[in-house]
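# Remarks on the overall topology
What follows is each chain in one-letter form.
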Amino acid sequence: ETCLDRLPEVLQQLNPSCLIIDSIQTVYRSDLTSAPGTVSQVRDITAQLMRIAKQSGLVVFIVGHVTKEGTIAGPKMLEHMVDTVLYFEGDRHHNFRIIRAVKNRFGSTNEIGVFEMGENGLEEVKNPSAVFLAERSTQGPGSAVTALLEGSRPLLAEVQALVSNTNYQNPRRLANGFDHNRMAMLIAILEKRLGYQMGMLDSYINVAGGLRINEPAADLAVVLALASSYRERAIDATLVAIGEVGLTGELRNVARLEQRLKEAARLGFQRAIIPASGKAISLPGLQITPVQNIQEAIAHALKGG
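What counts, and at which threshold
Residues numbered from 1 in each chain as written. Predicted model: local features only at pLDDT ≥ 70, side-chain atom pairs only at ≥ 80, totals over all residues. Heavy atoms only, no water. Axes fitted to C-alpha atoms, helices over the stretch in contact; angles between N-to-C directions. Helix = DSSP H or I, 4+ residues; strand = E, 2+ residues; numbered from the N terminus. Parallel < 35°, antiparallel > 145°, perpendicular 65-115°, else oblique. Left-handed = near helix turned anticlockwise from the far one by under 90°. Contact = heavy atoms within 4.5 Å. Phe/Tyr/Trp six-rings, centres within 6.5 Å; stacked < 30°, edge-to-face > 60°. Buried < 20%, exposed > 50% of the residue type's maximum accessible area, 1.4 Å probe, protein only. Lys NZ or Arg CZ within 6 Å of the ring centre and 35° of its normal. Pairing = 2+ DSSP bridges. 1 Å grid on protein atoms, 1.4 Å probe; cavity = no way out; pocket = protein on both sides within 12 Å on 5 of 7 lines; lining within 4 Å. Points joined across faces, edges and corners; volume = space filled by probe spheres on them. Nonpolar A, V, L, I, M, F, W, Y, C, P; charged D, E, K, R; others polar. Salt bridge = Lys/Arg side-chain N within 4 Å of Asp/Glu carboxyl O.

Pairs of packed helices are described in terms of their axes, by the angle between the two and the distance that separates them. At a minimum axis distance of 10 Å, the contact between helix α6 (residues 219-231) and helix α8 (residues 294-302) shows a crossing angle of 60°. The angle between α6 and α8 places the two elements in the oblique class. Our pair here, α6 against α8, has a crossing hand that is right-handed. Along the contact surface, α6 presents Leu-220, Val-223, Leu-224, Ala-227 and Ser-228, while α8 presents Ile-294, Ala-297, Ile-298, Ala-301 and Leu-302.

So this is what it looks like as structure tokens:
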């Protein structure tokens with residue numbers, strides 16, 4: 001049904017616990033002369049749904065169209081009116097799906113839910129870190145592991161890098177799951193501070209599993225992965241790297257470092273490289289190496305590389 005006029009009658013008959021509007025751009029009210037999906041229709045329909053939800057305690061999910069850029073189509077006031085905005089993300093080539101909150105009137109916007117698409121639909125992933133690292137190669141160069149923080153949940157992710165000779169006049173810089181501009185900045189730091197001749201080399205960054213990295217704590221892992229591929233030296237498979245990289249090559253501390261390290265230790269990692277500017281942390285079974293800059297970090301990670 002696309003006409004909202006019959007909704008109160010149907011709700012009274014069925015008395016459901018949940019109502020899903022799919023999608024808000026196709027629903028209309030007959031007393032409004034404007035077409036479905038216009039500002040007036042979306043505003044008035046959303047306001048009526050909000051009143052129904054508040055008065056009856058009914059959970060209402062409003063599905064909205066998205067643009068090619070991934071943002072909600074139509075007027076922004078739809079996002080302003082509702083209690084929470086959830087994005088359902090995922091790469092069509094991977095089985096994993098992530099529900100991410102970008103607005104939450106009654107809680108944190110940093111939490112995520114990780115799910116896997118199976119034969120029976122979406123199933124919760126109990127241990128996302130182990131799943132994302134399950135197919136990781138432990139021998140080849142160009143792979144590093146970092147610890148991200150999604151809300152209160154630490155998450156280990158593999159960063160892959162490939163540095164190769166270019167066949168083009170201008171070398172290519174491609175990043176999948178990582179900010180392209182930040183990747184270019186980290187490559188420039190390697191060139192300027194360590195003398196790596198990457199100006200005529202193609203450079204690629206990929207975050208395994210279809211994840212997207214949005215925090216600077218992964219800078220060190222990206223730098224190590226690039227250096228590993230450039231020098232053709234593999235990084236120890238039991239090492240995790242955490243830290244923000246500054247323009248002078250220094251390592252800066254990141255938030256909730258101990259929680260990230262505990263997750264790494266729980267998954268069997270034995271070594272960790274962290275910024276020396278943070279507080280001293282000691283965990284059983286995990287050898288923690290504080291370093292001042294990327295030169296020290298690469299020397300420890302590549303054993304002289």
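There's plenty left to go through after this.
Before going further, it helps to spend a moment on the packing of aromatic side chains. Across all of its chains, the model carries 1 aromatic pair by this definition. Between Tyr-196 and Tyr-230, the aromatic rings sit 4.6 Å apart at their centres with planes inclined by 15°, giving stacked as the arrangement. One end of the pair, Tyr-196, is in the loop between α5 (180-194) and β10 (201-207); the other, Tyr-230, is in helix α6, and 34 residues separate them in sequence. For Tyr-196, a relative accessible area of 7% corresponds to the buried category. It is Arg-172 that lies over the ring of Tyr-168; its NZ or CZ is 5.6 Å from the centre.

So, about the pairing of strand β5 (residues 112-118). With 5 bridges connecting them, strand β4 (residues 96-104) and β5 associate as antiparallel partners. Residue pairing in the sheet places Phe-96 in a bridge with Glu-116 of β5. Linking two consecutive strands that pair antiparallel, namely β5 and strand β6 (residues 121-124), is a turn of 2 residues.

When its volume is computed, the largest pocket comes out at roughly 1400 Å³. For the largest pocket, the lining is made up of 45 residues, of which Ile-62, Val-85, Leu-86, Tyr-87 and Phe-88 are closest to its centre. Elements supplying a minimum of two residues to the lining of the largest pocket: α2 (39-56), β2 (59-63), α3 (77-81), β3 (84-89), β4 and β10. Ranked by residue count, the leading element in the lining of the largest pocket is β3, at 6 residues. Within the lining of the largest pocket, the residues separate by chemical class into 23 nonpolar, 13 polar and 9 charged. In this structure, the second largest pocket encloses a volume near 280 Å³. As for the second largest pocket, its lining consists of 18 residues, and the residues nearest its centre are Glu-1, Leu-7, Leu-19, Ile-20 and Ile-21. Elements supplying a minimum of two residues to the lining of the second largest pocket: α1 (7-14) and β1 (18-22). Here the lining of the second largest pocket gets 5 residues from one element, more than from any other, and that element is β1. Taken together, the residues of the lining of the second largest pocket sort by class into 12 nonpolar, 3 polar and 3 charged.

This part takes up the pattern of salt bridges. Scanning all chains against the criterion turns up 16 salt bridges. In this structure, Arg-29 engages Asp-31 in a salt bridge whose closest nitrogen and oxygen atoms are separated by 2.7 Å. Arg-29 gets classed as buried once you look at its relative accessible area, which sits at 17%. Under the relative-accessibility criterion, Asp-31 is labelled partly exposed at 49%. Residue Arg-252 pairs with Glu-250 through a salt bridge whose shortest N-O separation is 2.9 Å. Given a relative accessible area of 46%, Arg-252 falls into the partly exposed group. Beyond isolated ion pairs, a larger network of salt bridges with shared partners links Lys-54, Asp-83 and Arg-105.

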